[in-house]
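Chains, contacts and geometry: an overview
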Amino acid sequence: RVIGGNATPGQDVTATVELVAQGDENSAGFSLNFDSAVLTNPSAVLASGAPGAFLTTNSSQTGKLGVLIALPAGQSFTAGVKSLVTVTFNTLPTALYNSPVTFGDAPIAREVADSLANTLPTNYLDGAVTFAQGYESDVAPRPTGNNNGTITITDFTQVGRFVAGLDTLNPAFNEFQRADSAPRVTLGNGILSVADYTQAGRYAASLD
């Protein structure tokens, strides 16, 4: 599965490919498709879940990155979630809230094999990277907010619903980044809490 990161357009962004291993996987091959008008210059490195693995990449096709990952002969990944490879992209200016990173079969076909070279049945889950767009605490209407620079009581209420777990954040958009507004000096801290609800209220009341 592809787990996309978050970035401001123009900054680098990462996407990590994870394997939910059953315990008999030795190697994996796949290609990642991406929008080359938004994401450029992909660079792949082994992630923490693949120590000692061999990594080969193929970036010969525009908008595609082929990846081969293999453990030494006779070895297998242990069961559990393993981060296999992290791909870093340069990003170009964009008004998009997200850009898909999806599995494909060119230049390298999708396949997972065990240490005896038997093909293993595998499901593939696509992902996307998201971009910081809009204003802090501007979350209503969902999923993009009104993006006019004004924070209202509806934004305040929606942040409260996120903090209380009454609504689920949309991972295809940057709802979390906009809702996470406290501490104000750092534009959030990676956690949604009552402080974010309070900060949204301060914006709505024009105190900040």
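Residues numbered from 1 in each chain as written. Predicted model: local features only at pLDDT ≥ 70, side-chain atom pairs only at ≥ 80, totals over all residues. Heavy atoms only, no water.

Observations concerning unusual backbone geometry
A cis amide bond links A106 to the next residue, P107, at an omega of 5 degrees. Following R142, the chain continues into P143 via a peptide bond in cis, with omega recorded as 5 degrees. Looking at where P143 falls in the secondary structure, it is placed in the loop between β11 (127-131) and α1 (153-163). For S137, which is not glycine, the phi dihedral falls at a positive 75 degrees. (Helix = DSSP H or I, 4+ residues; strand = E, 2+ residues; numbered from the N terminus.)

Quick notes on α1
Those residues of α1 that fall on the buried side of the exposure criterion are D155, F156, Q158, V159, G160 and F162. At its buried positions, α1 is contacted by α2 (175-179) and α3 (194-204). G165 lies just past α1 and shows a positive phi near 75 degrees. (Buried < 20%, exposed > 50% of the residue type's maximum accessible area, 1.4 Å probe, protein only. Contact = heavy atoms within 4.5 Å.)

Here's the deal with the packing of aromatic side chains
Considering all chains together, one arrives at five aromatic pairs under this definition. When the centroid spacing of 5.6 Å and the interplanar angle of 85 degrees are considered together, the rings of F30 and F103 count as edge-to-face. Taken together, the residues F30 in strand β4 (residues 27-34) and F103 in strand β9 (residues 98-104) connect sequence positions 73 residues apart. Each member of the pair, F30 together with F103, is buried. Aromatic ring contacts, followed pair by pair, group F30, F103 and Y124 into a single cluster. The ring of Y124 carries the charged tip of R110 above its face, separated from the ring centre by 5.4 Å. (Phe/Tyr/Trp six-rings, centres within 6.5 Å; stacked < 30°, edge-to-face > 60°. Lys NZ or Arg CZ within 6 Å of the ring centre and 35° of its normal.)

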